[in-house]
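# Observations on the three-dimensional arrangement
For reference, the chains in residue letters:
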Amino acid sequence: MTKILLVEDNEMNKDMLSRRLIKKGYEIVFAMDGQEAIDMAKSETPDVILMDMGLPVKDGLQATKEIKENSDTTSIPIIALTANAMAEHRQEALDGGCDEYETKPVRLPSLIEKIEQFT
Amino acid sequence: MAELEEQISRLTCKFIEPELENKYKEMKWEKNSNYIWNLMILGHIIFLLIILDDIKQLGIQPIYVTVHIICSFILYFLLFYELYRKEYYDIYFTLAIPTLMVNGAYHYYMDPDALFGPGAAALPLLTLLFFTIYPVDFLNGFFIVTTSVAAFLIYLLEVDIISGEQIPYLLVIPFVYGVFVKRSNEFKSRVDYMKTEELKILRVKAQNASKAKSDFLANMSHELRTPLNAIIGYSEMLMEEAEDDGLDTYSEDLEKINSSGEHLLTLINDILDLSKIEAGKMELHIEEFEFEKHLNQIEATAKPLVEKNGNEFVIEKPDNLGKLTNDQTKLRQILFNMLSNAAKFTKKGTVTLGITKYDKKVRFAVTDTGIGMNAEQLGKVFEEFTQAESSTSKDYGGTGLGLPISKKMTKMMGGVMEVESEEGRGTTFSITIPIVVQEEEK
């Protein structure tokens, strides 16, 4: 079973996305902020990380950078999730080390397609 | 309100902006200093004419003359340097008319018959000519003419009976002239100044207000999207669950919540785009790309949309499309907007994407065989929140922002967006953009 680390600070988004993904047969672990995401990436070794960009403590870009710099976690694919639909934000996320990009509100079929391409 | 204030201020010569009053005072002093030059020079024109021509007759001491000539040359030099530097061409003209008058008087003095000869007609004609070239306001013109004629008449009288001691009194004429011109010009320049400077400030204020509005919109639409995430996500989730559990009555209502959420999201995205363009925050990401590949993507996305209403989707393109250097994301957004519009307003017809390559430009035209527009609707098509008729949005959906955004983006990309339409026959939207966009064309 594919294990997904969902990094999201908004309770509702977290609840909605995780329930839908669990229904589709994924295993979900959570992190609430950037630092927690870095720690969880090490301890849980998920198959894919879904990373919100606007996070407390350390933002998504910073967390992504640190995960990619750590040799234990560098191979984990990261899909950026953000409400900013503009092209520059997409570029910013991709330049920051994210492997893919999904705009919120999340289109589930498109997200699953992106998750599947990494597993 | 602001307009009324502006009108009152213009009528009463009062400034709306306190800082403008100070700026104006500075400018006024600078300009007035030129009238002082003007005044001094005029005095010397008359003075020199008299002493140089009538030096023996009037018995003026040569040393007195020499000093005045030297002083005059310095004054002339300073004045013309000043005029050259500040480009106050109007002073050349205010100077020229009285000078002409005095010269005329001098010629009369040398040959009294000339006053009634052909040379005399030249004077009023030349005066007229100057007023045609340089349109001064009525008051200014009136004072120039009156004082010039006065100078002329006084000179005519004086040359016959004048004595050396009386010459300095002649300086009163240019002084009077100067005071009048200064007063009339004060009013004129105040109005001119207000017209330019105050409007400039009002414009900056309006721009700032517009920018604040755009910033607010950009922030707001970001904040609005977060709760929308939940609305769209949860309704989608419930729709899936309702379908699984066979609860069809719920599915239909949930579908309405979901599609309203989606509509709201499109609106917010469009407003965000528009506010970004207006705030000057939307940037071009210029890159070179193979258009053929790009076109395949557009075709894949647009085809199902066009064929939904039973339409045929046709692409007409030259064989060698080659490379484009422009913003491909924006180009895709514009093309997709044109195609989805065509698809929306056409049923069981044809939607054609035609691409024509010119020397340095490329034209993309989307032609449909749909409902078309009449002249009035055509005129409003690029206005924000306008669809041809308010009733059409009920039947066809849409935010009314897609086309204004596309038009603005096309302009950013150095191109133009055009529309042709005939009611009942169909519509053609087209954009023509440079194949290689230059940075400054933004």
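What counts, and where the lines are drawn
Residues numbered from 1 in each chain as written. Chains lettered and ligands numbered in written order. Predicted model: local features only at pLDDT ≥ 70, side-chain atom pairs only at ≥ 80, totals over all residues. Heavy atoms only, no water. Salt bridge = Lys/Arg side-chain N within 4 Å of Asp/Glu carboxyl O. Helix = DSSP H or I, 4+ residues; strand = E, 2+ residues; numbered from the N terminus. Buried < 20%, exposed > 50% of the residue type's maximum accessible area, 1.4 Å probe, protein only. Contact = heavy atoms within 4.5 Å. Buried area = accessible area lost by both parts, 1.4 Å probe. Nonpolar A, V, L, I, M, F, W, Y, C, P; charged D, E, K, R; others polar. Pairing = 2+ DSSP bridges. Axes fitted to C-alpha atoms, helices over the stretch in contact; angles between N-to-C directions.

### Structural notes on the pattern of salt bridges
All names here are of chain A. What the rule picks out here adds up to 15 salt bridges over all chains. Asp15 is paired through a salt bridge with Arg19; the nearest N and O atoms lie 3.3 Å apart. Taken together, the positions of Asp15 and Arg19, both in helix α1 (residues 11-23) and four residues apart, correspond to about one turn of that helix. Judged by relative accessible area, Arg19 falls into the partly exposed class, the value being 38%. A salt bridge links Lys58 to Glu66, with the nearest nitrogen and oxygen atoms 3.2 Å apart. The class for Lys58 is partly exposed, based on a relative accessible area of 22%. Looking at Glu66, the relative accessible area reads 23%, which means it is partly exposed.

### Focus on the interface of chain A and chain B
Contact with chain A, which involves 21 residues of that partner, is made by 22 residues of chain B. Regarding the contact of chain A and chain B, the summed buried area is about 1,900 Å², with carbon and sulfur atoms giving 53% of it. For the pair chain A and chain B, the number of links is four salt bridges. The element contributing the most residues to the side of chain A that touches chain B is α1 of chain A, with seven residues. Considering only residue class, the side of chain A that touches chain B consists of nine nonpolar, four polar and eight charged.

### Overview of the sheet that holds strand β4 (residues 78-82) of chain A
All names here are of chain A. Across the sheet, five strands lie side by side as β2-β1-β3-β4-β5; this open sheet has parallel pairing. Lying at the two open borders of the sheet, with one neighbouring strand each, are β2 (27-31) and β5 (100-103). Here the strands of the sheet are splayed against their neighbours by 20 degrees on average, with no regard to which way each runs. In this sheet, strand β3 (residues 48-52) lies alongside strand β1 (residues 3-7) in parallel orientation, the contact comprising four bridges. Bridge assignment links Ile4 to a residue of β3, and that residue is Val48. Packing of helix α3 (residues 60-69) onto the sheet brings it into contact with β3 and β4, and relative to β3 it is tilted by some 155 degrees. Contacting β1, β3, β4 and β5, helix α5 (residues 108-118) crosses the sheet at an angle of about 165 degrees to β5.

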